[in-house]
Amino acid sequence: MYTAIAPHLADVPEAQEAADLLRACVHCGFCLATCPTYQVTGDELDSPRGRIYLMKSLVEGADPGLRTQYHLDRCLTCKACESTCPSGVRYGRLVEAGRSLLEKRFPRGLAARVKRAVIRGGLAQSAVFGAAVKLGQLTRPLLPAGLAASVPPERAAGTWPAPRHARRMAVLDGCVQPAIDPGINAAAARVLDQLGISLVRMPRVGCCGALPHHTGDTPGALAMVRANVDVWAQALDSGAIEAIVMTASGCGSEVREYGHLLRHDSAYASRAAQVSAATRDLSEVLQGLGPQLAERIGTARRPAGEAARIAYHPPCSLQHGQKVRGHAEQLLRDIGFEPQPFADSHLCCGSAGSYSLLQPALSKTLQTRKLEHLLGTRPSCIATANIGCQAHLQSGTSVPVRHWINLIDGLLAATPASA
Ligand code: SF4
Ligand code: SF4
């Protein structure tokens with residue numbers, strides 16, 4: 001799709017990037033079939049192709065500010081369209097460039113900016129979010145039912161094994177995960193410890209930057225990215241770690257983009273690319289080790305009957321964002337779980353970072369549809385790989401929703417130490 005950049009935008013990097021990315025689109029419309037927002041609204045402007053046309057108009061100098069902003073805001077950035085597109089359109093990068101250009105040309109009103117700043121301050125600062133969750137847990141009986149359902153149950157992290165192996169990997173704590181489910185990273189550390197890998201937390205590493213990035217604070221996001229790159233690149237260079245492990249696929253999707261985000265920063269470009277290249281989803285680290293885990297668990301502890309029947313929800317940030325598919329399901333199968341097939345597993349659950357707060361109606365519709373499909377399999381548990389999906393789905397069902405590593409850790413924990 002040829003795009004003639006408007007003369008007054010010729011020197012704007014986002015306009016140039018968008019025009020480059022737009023070139024790959026042949027407007028065939030295959031992507032419409034897998035776009036969750038188009039499926040809900042039926043409006044072409046809520047589809048990838050419709051949004052692409054809006055961004056083309058924007059770059060060509062038309063003045064569709066509010067309308068474009070409305071439809072780009074409704075995009076989940078789930079990248080299901082990228083997985084479907086036969087022409088390889090990098091829609092995720094395109095929509096980020098389009099949003100950034102919009103923010104410059106059509107700044108939001110004060111109320112919208114304050115709302116986004118509050119979301120950033122509340123979610124991206126782990127201490128603030130942790131205090132809010134704690135307060136919610138203490139006052140749960142006094143809260144309205146809808147709000148009480150969104151407060152996560154109190155969970156203990158359990159022990160974190162002391163580093164004892166030559167093989168070491170860093171893990172990202174994340175901003176909301178420690179408060180919602182502190183047991184995920186500890187479970188990953190325990191499982192990896194049994195397989196000869198020590199998982200270590202790195203001080204001075206904070207939020208991955210996804211939340212500020214997706215709520216319009218690009219400078220704030222890049223400051224976080226640079227701070228993380230400083231720590232991780234140094235640890236990789238010194239040999240202290242061999243990889244950076246992500247237990248939340250939303251964060252992993254962002255960290256894998258660090259090289260792209262800082263590609264024009266001569267002081268950081270190569271180190272950011274190094275960090276992205278060293279980033280692994282936890283399921284990739286454990287890929288192929290299912291039989292070894294099954295042996296440790298033993299036949300007596302293999303899940304059976306109703307307990308074995310689970311549903312696995314693959315987050316968009318994993319299957320579309322990182323193109324990592326099938327590993328967690330295979331690991332769960334290897335140790336005796338039976339993940340059930342269900343319809344539309346490629347579609348977003350409506351969580352999408354801050355989307356559930358900024359677009360609550362669409363988010364709720366997608367959550368309801370996803371839960372209908374998942375619960376239709378009559379699972380004893382829903383497993384997933386991203387804390388945002390986990391919390392969002394759990395707020396709509398009493399069936400437990402857990403990170404898949406907790407299911408593996410639970411079986412290993414029941415295994416005698418001599419095994
Ligand atoms: S499938 Fe790809 S090429 Fe076709 S309209 Fe969608 S983005 Fe464009
Ligand atoms: S990223 Fe998701 S919601 Fe946005 S256009 Fe693509 S498929 Fe639709």
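Values in this document were obtained by computation on a predicted structure and should not be read as measured data.

## Focus: unusual backbone geometry
For step 1, the next point in the chain: Located in the positive-phi region is Lys-323, a residue other than glycine, with phi close to 55 degrees.
For step 2, the next point in the chain: Within the fold, Lys-323 resides in the loop between α19 (316–321) and α20 (327–334).
For step 3, the next point in the chain: On the neighbour-count criterion, Lys-323 (12 C-beta atoms within 10 Å) is exposed.
For step 4, the next point in the chain: Not every positive phi belongs to a glycine, and Arg-378 is a case in point at roughly 55 degrees.
For step 5, the next point in the chain: Along the chain, Arg-378 turns up in the loop between α22 (360–375) and β7 (381–384).

## Considering the site of ligand 2
For step 1, the next point in the chain: Contacts to ligand 2 come from 13 residues, most closely from Cys-35, Pro-48, Cys-75, Cys-78 and Cys-81.
For step 2, the next point in the chain: When grouped by side-chain class, the residues that make up the shell around ligand 2 number nine nonpolar, two polar and two charged.

## Let's talk about the site of ligand 1
For step 1, the next point in the chain: Taken together, 15 residues surround ligand 1, and among them Cys-25, Cys-28, Cys-31, Cys-85 and Ser-87 come closest.
For step 2, the next point in the chain: Put simply, the parts of the chain that give the shell around ligand 1 at least two residues each are α3 (48–59) and α5 (80–84).
For step 3, the next point in the chain: In terms of residue count, α3 provides more of the shell around ligand 1 than any other element does, three residues in total.
For step 4, the next point in the chain: In the shell around ligand 1, the residues fall into 10 nonpolar, four polar and one charged.

## Details of the environment of Ala-170
For step 1, the next point in the chain: Mapped onto the elements, Ala-170 comes out in strand β1 (residues 167–171).
For step 2, the next point in the chain: It is 22 Å that separates the C-alpha atoms of Ala-170 and Leu-412, two residues lying 242 residues apart in sequence.
For step 3, the next point in the chain: When sequence neighbours within four positions are dropped, the list of residues in contact with Ala-170 reads Val-200, Met-202, Trp-232, Ala-235, Ile-241, Ile-244 and Val-245.

## Quick word on the environment of Tyr-258
For step 1, the next point in the chain: Along the chain, the position of Tyr-258 falls in helix α15 (residues 258–261).
For step 2, the next point in the chain: Tyr-258 sits in the buried class, given 28 other C-beta atoms within 10 Å.
For step 3, the next point in the chain: Setting aside residues up to four positions removed in sequence, Tyr-258 forms contacts with Val-225, Val-229, Ala-272, Val-275 and Ser-276.

## Comments concerning the sheet that holds strand β3 (residues 243–246)
For step 1, the next point in the chain: Pairing is parallel in the open sheet, where four strands are placed in the order β2-β1-β3-β4. With partners counted over all chains shown, the strands left at the sheet margins are β2 (197–201) and β4 (279–281), one partner each. Put simply, the sheet's adjacent strands are angled 40 degrees from each other on average, direction ignored.
For step 2, the next point in the chain: Taken together, the three bridges between β3 and β4 define a ladder with parallel strand orientation. Its bridge partner being in β4, Ile-244 is matched across the sheet by Thr-279.
For step 3, the next point in the chain: Each of β1, β2 and β3 touches helix α11 (residues 183–194); the most contacted strand, β2, lies at about 155 degrees to it.

## Some remarks on the sheet that holds strand β5 (residues 309–312)
For step 1, the next point in the chain: Spatially, four strands are ordered β6-β5-β7-β8 in an open sheet, and the strand pairing comes out parallel. Each edge of the sheet is formed by a strand with only one pairing partner; in this case those strands are β6 (338–339) and β8 (401–403).
For step 2, the next point in the chain: By the bridge criterion, three bridges tie β7 to β8 in an arrangement that is parallel. Bridge pairing links Thr-384 to His-403 in β8.

## Digging into the nonpolar core
For step 1, the next point in the chain: With 107 residues, the main nonpolar core has Ala-18, Leu-94, Ala-188, Ile-244, Val-245, Leu-332 and Trp-404 as its most contacted residues.
For step 2, the next point in the chain: Looking at this core, the element that brings in the most residues is α11, giving seven residues.
For step 3, the next point in the chain: Two domains each put at least three residues into this core: domain 1 (7–105) and domain 3 (152–419).

## Side note on the packing of α3 against helix α4 (residues 65–73)
In a pair of packed helices, the angle between the axes and the distance between the axes together describe the arrangement.
For step 1, the next point in the chain: Running from N to C, α3 and α4 cross one another at 145 degrees; their axes reach a closest spacing of 10 Å. When you trace α3 past α4, the crossing you get is left-handed. Residues Gly-50, Arg-51, Leu-54 and Leu-58 of α3 pack against Thr-68, His-71 and Leu-72 of α4.
For step 2, the next point in the chain: A per-class count over the contact of α3 with α4 returns three nonpolar, three polar and one charged.

## Let's talk about α11
Residues three or four positions apart in an α-helix share a direction because the helix packs 3.6 residues into each turn.
For step 1, the next point in the chain: The first and last C-alpha atoms of α11 sit 17 Å apart over 12 residues, in line with the 16 Å expected at 1.5 Å per residue.
For step 2, the next point in the chain: Most of α11 is tucked away, with 10 of its 12 residues classed as buried.
For step 3, the next point in the chain: Just downstream of α11, Gly-196 is the residue with a positive phi angle, here 90 degrees.

## Thoughts on the packing of helix α18 (residues 290–297) against α20
For step 1, the next point in the chain: Running from N to C, α18 and α20 point in directions that differ by 30 degrees, and their axes come no closer than 8 Å. In terms of orientation, α18 lies roughly parallel with respect to α20. Judged by the twist between their axes, the crossing of α18 over α20 is right-handed. Together, Gly-290, Pro-291, Leu-293 and Ala-294 of α18 and Gln-330, Leu-331 and Asp-334 of α20 make up the contact between the two elements.
For step 2, the next point in the chain: Grouping the constituent residues of the contact of α18 with α20 by class yields four nonpolar, two polar and one charged.

## Examining the domain arrangement of the protein
For step 1, the next point in the chain: Looking at the assigned domains, one finds that the protein contains domain 1 (7–105), domain 2 (120–150) and domain 3 (152–419).
For step 2, the next point in the chain: Contact residues are listed per partner, giving 11 residues for domain 2 and 14 residues for domain 3.
For step 3, the next point in the chain: Looking at which element gives the most residues to the side of domain 2 that touches domain 3, the answer is helix α8 (residues 126–138), with five residues.
For step 4, the next point in the chain: Tallied by class, the residues present in the side of domain 2 that touches domain 3 amount to five nonpolar, five polar and one charged.

How each quantity is defined
- Residues numbered from 1 in each chain as written.
- Chains lettered and ligands numbered in written order.
- Predicted model: local features only at pLDDT ≥ 70, side-chain atom pairs only at ≥ 80, totals over all residues.
- Helix = DSSP H or I, 4+ residues; strand = E, 2+ residues; numbered from the N terminus.
- Buried ≥ 20, exposed ≤ 12 C-beta atoms within 10 Å, placed from the backbone.
- Near = placed C-beta within 6 Å.
- Nonpolar A, V, L, I, M, F, W, Y, C, P; charged D, E, K, R; others polar.
- Contact = placed C-beta atoms within 7 Å.
- Pairing = 2+ DSSP bridges.
- Axes fitted to C-alpha atoms, helices over the stretch in contact; angles between N-to-C directions.
- Core = buried A, V, L, I, M, F, W, Y, C linked by C-beta atoms within 7 Å.
- Domains from an automatic or database assignment.
- Left-handed = near helix turned anticlockwise from the far one by under 90°.
- Expected span 1.5 Å × (residues − 1).
- Parallel < 35°, antiparallel > 145°, perpendicular 65-115°, else oblique.

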